[in-house]
Amino acid sequence: MATGYVFHEQLMWHDTGSSADMMPPGRFVEPGRHLESPGSKRRLNNLIQVSGLSRHLVPIIAEPVSVEDLLRVHTQRHIDDIRMLSERGGSGFAGPQAPIGVNSFDIALLSAGTTYAAMRAVLTGRVDNAYALARPPGHHAEPDQALGNCLFSNIGVSVRRLQHEGLLGRAAIVDWDVHHGNGTETIFYSDPSVLTISLHQDNLYPTGRGAMADNGKGEGEGYNINIPLPAGSGTGAYEASFDRVVAPALRAFRPDLVIVASGFDASGFDPLGRMMLNSECFRRLAARMVALAAETSQGRLMMSHEGGYSEGYVPFCGHAVIETLANHRTEVVDPLSDHIDEWAGQDLQPHQAKVIDAAESLLAGLRRRLASAA
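Enquirer: I tried to follow the overall build of the protein on my own but got confused; where do I start?
Expert: Regarding its fold elements, the protein presents twelve helices and ten strands. Put simply, the protein has 374 residues, and 61% of those count as buried. Considering only residue pairs separated by 6 or more positions, the protein has 78% of its internal contacts joining residues 24 or more positions apart. Carbon together with sulfur atoms contributes 51% to the accessible area of the protein, which is approximately 14000 Å² in total. Between the mean site of the 31 positive side-chain charges and the mean site of the 42 negative ones, the protein shows a separation of 3 Å.

Set out below in structure tokens:
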């Protein structure tokens, strides 16, 4: 099995400014480092190198996407605003909780390009699956607004370009970031060619988004599935969600490509989430995605990096996932995995099961829409 890997050092140069966690400095806010910093991503890439995993990956070279590519998803005004803020220099915000710095526009084009390059390599058969270590992330970016550390939709722009090029028909996007994939949902909400599934902490971010009732509209009705899990959900809730909702949905939809919006902020050590996953759970979720891709999309699977703000723990989660894609286990040992496993409530809890029951009921609507379109 050939696994592609896309990384570019310049992505680490996206400057999110001098903040205290997510707060801009002010009279009573001492300057510090923004949570969306290069640290966790650079550490993940470094761990891939020092563990020897890189020798089992196929390096993929990425190029920036074009403004024409962005326009298939984003408004001209939004693109112009991001370009202007980037060229003006200095630190600031392009939208709510969306920091921007010098050259961020060009870096964001390259970030989307990493996702596109990984998808294209899978679809053309160069590799079986691939991981794009994209930064800045993209799943919160709306067509007309930057939001939540995201300037442009890396996955949305890539899917639309590949569809335009005739390389991609149907895509399924599974978002396991702890925050709702609101931008991805908006972009494809009326599109039956793209199935979107988001597993996230209920009403965490953005507030008011990610409700189970938001199920698509028009021709896309039934093709958007939200699984808003309660805070404190652990491995039992996530694995049940995959087995009872994600897997049946993918089997029914049978995409040409399976895409994972791969955030690691559902880990038990993330400062922005309140979930309880460890690297071994992410490994098992990745194994499920590999098996589902083999069953539904001829093995075509790619993952694009999203959130994850524990600088020390994200590398172990990401490394476990990429090991699984490559079907190669290194000597890396997660020093905290067993500790997280011992936390109370890791098994599926009754209140979590009710949410999964309700999400499972949405599959009937998806199957009806697929049958009527056949």
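Enquirer: In this structure, what is going on with the pairing of strand β8 (residues 224–229)? I would like to understand it.
Expert: In regular strands, side chains alternate between the two faces of the sheet. Counting buried positions over the six residues of β8 gives six, a clear majority of the element. What you see with β8 is no split at all: Asn224, Asn226 and Pro228 on one side and Ile225, Ile227 and Leu229 on the other are buried throughout. Summarising the sheet, strand β7 (residues 194–201) and β8 pair through six bridges and their orientation is parallel. In the strand pairing of β8, Gln201 is matched with Leu229.

Enquirer: Even after reading the chapter, I still don't get the environment of Thr114, so can you show me in this structure?
Expert: In this fold, Thr114 is placed in helix α4 (residues 104–123). Beyond its immediate sequence surroundings of up to four residues, Thr114 is in contact with Val6, Leu11, Ala62, Ala132 and Ala134.

Enquirer: How do you make sense of the packing of helix α1 (residues 39–50) against helix α9 (residues 314–326) when you look at a structure like this?
Expert: Two measures define how a pair of helices packs: the angle their axes make with one another and the distance between the axes. Between α1 and α9, the least distance of the axes is 8 Å, while the angle of their chain directions is 50 degrees. Overall, the two elements α1 and α9 adopt an arrangement that is oblique. As α1 packs across α9, the resulting crossing turns out to be right-handed. Contacts between α1 and α9 pair Ser40, Arg43, Leu44, Leu47 and Ile48 from the former with Val314, Pro315, Phe316, Gly318, His319 and Ile322 from the latter.

Enquirer: Would you mind going over the nonpolar core with me for this structure?
Expert: Ranked by internal contacts, the top residues of the largest apolar core, which has 60 residues, are Trp176, Ile225, Met289 and Met303. The biggest single contributor to this core is helix α7 (residues 235–253), with ten residues. With sequence-adjacent residues up to four places away left out, Met303 is seen in contact with Ala130, Tyr131, Ala132, Trp176, Val260, Ser262, Ala286, Met289, Val321 and Leu325. Ranked by size, the runner-up nonpolar core spans 46 residues in total, among them Leu11, Ile60, Leu85 and Ala117.

Enquirer: Teacher, can you tell me more about the state of the cysteines here?
Expert: The bond known as a disulfide is covalent and runs between the sulfur atoms of two cysteines. Summed over the entire model, instances satisfying the criterion amount to zero disulfides. For Cys281, which is in no disulfide, the shortest distance to another cysteine sulfur is to Cys317 and amounts to 9.3 Å. Residue class for Cys317 comes out buried when judged on its relative accessible area of 0%.

Conventions we followed
Residues numbered from 1 in each chain as written. Predicted model: local features only at pLDDT ≥ 70, side-chain atom pairs only at ≥ 80, totals over all residues. Heavy atoms only, no water. Helix = DSSP H or I, 4+ residues; strand = E, 2+ residues; numbered from the N terminus. Buried < 20%, exposed > 50% of the residue type's maximum accessible area, 1.4 Å probe, protein only. Contact = heavy atoms within 4.5 Å. Areas by Shrake-Rupley, 256 points an atom, 1.4 Å probe, with all protein chains shown as cover. Lys, Arg positive; Asp, Glu negative; His and termini not counted. Charge placed at Lys NZ, Arg CZ, Asp CG, Glu CD. Pairing = 2+ DSSP bridges. Axes fitted to C-alpha atoms, helices over the stretch in contact; angles between N-to-C directions. Parallel < 35°, antiparallel > 145°, perpendicular 65-115°, else oblique. Left-handed = near helix turned anticlockwise from the far one by under 90°. Core = buried A, V, L, I, M, F, W, Y, C linked by side-chain atoms within 4.5 Å. Disulfide = S-S within 2.5 Å.

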